[in-house]
Amino acid sequence: MSAPPSGPSGAARIVARLPLFQELNDDQLSGVVAASREIRLAKGAMLFQKGDRARGFFVIMSGQVKLAFPSLQGSEKVVEILGPGQSFGEALMFMDRPYPVFAEAVVDAVLLEIPQRPVVELLDSDPAFARAMLAGLAKRLHGLVQDVESYTTRSSAQRLIGYLLQQAADVADGAVTITLPASKAVVASRLNLTPETLSRVFHELTEHGLLEVRGREIVVPDIAALRTFEG
């Protein structure tokens, strides 16, 4: 794991890049960072459990965190796999409700916990910040709706292809190597697939010449061909 930017200035740079905080001036940004605390998690460590009370929200400075909930069968359903520069938990800190999921470090991770108080103060004093927060929460809701649509209307192959294309969103054409952010079992849960189904789909796409699977590294010889494949 590469080292995250250290100290308050490093945290400020990461927080300033979040859409939620991009319109803040230096004094406002410094106030948010000063009220926050850094949390270091080893791989497999829990940040919070389902049912814990939400007191703020989190920004990932380095590493990866999965959000999931236990299933009735004793396994887990992964909701999101989040990486550096992403945030989570914004909505719940205003709802006075417990977390509906648990958060676990997929690899060693460093996070910044931003408490509710400075966020509420900004909402009270800065209409632009309030609009940015509403836009961010609306975008998150739209993403969840898209997930539900994907699970109910798209085939297993289409789900995996969509996920890989999302991981390589900045590549327009040509070859690309995608490193899965977590184990194949975690990715399968994220896509609402069984590990066996995910393995079968990987095999099918490999037979079509669209992928080469090397552990967690997925080599795509032609991203455009993968994008147009109708599996």
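Just above sits the structure.
Note that the structure is predicted; figures quoted are calculated from it, not measured.

Draft legend 1. Seen up close, the sheet that holds strand β4 (residues 65–70). Strand order in the open sheet formed by four strands is β2-β7-β4-β5, and the pairing between neighbours is antiparallel. In the strand order of this sheet, the two ends are held by β2 (46–48) and β5 (76–82), each with one partner. Within this sheet the neighbouring strands show an average axis-to-axis angle of 30 degrees, counted without direction. When β4 meets β5, the two strands line up antiparallel, connected through six bridges. In the sheet register, V65 faces β5, and the bridge partner there is L82.

Draft legend 2. Seen up close, the packing of helix α5 (residues 156–167) against helix α7 (residues 195–207). Orientation of α5 relative to α7, taken along the N-to-C sense of each, is 80 degrees, at an axis distance of 10 Å. The orientation of α5 relative to α7 falls into the category roughly perpendicular. Seen from α5, the contacting residues are S156, A157, L160 and I161; seen from α7, they are T197, L198, R200, V201, F202 and L205. Taken together, the residues of the contact of α5 with α7 break down into seven nonpolar, two polar and one charged.

Procedures and definitions
- Residues numbered from 1 in each chain as written.
- Predicted model: local features only at pLDDT ≥ 70, side-chain atom pairs only at ≥ 80, totals over all residues.
- Heavy atoms only, no water.
- Pairing = 2+ DSSP bridges.
- Helix = DSSP H or I, 4+ residues; strand = E, 2+ residues; numbered from the N terminus.
- Axes fitted to C-alpha atoms, helices over the stretch in contact; angles between N-to-C directions.
- Parallel < 35°, antiparallel > 145°, perpendicular 65-115°, else oblique.
- Contact = heavy atoms within 4.5 Å.
- Nonpolar A, V, L, I, M, F, W, Y, C, P; charged D, E, K, R; others polar.

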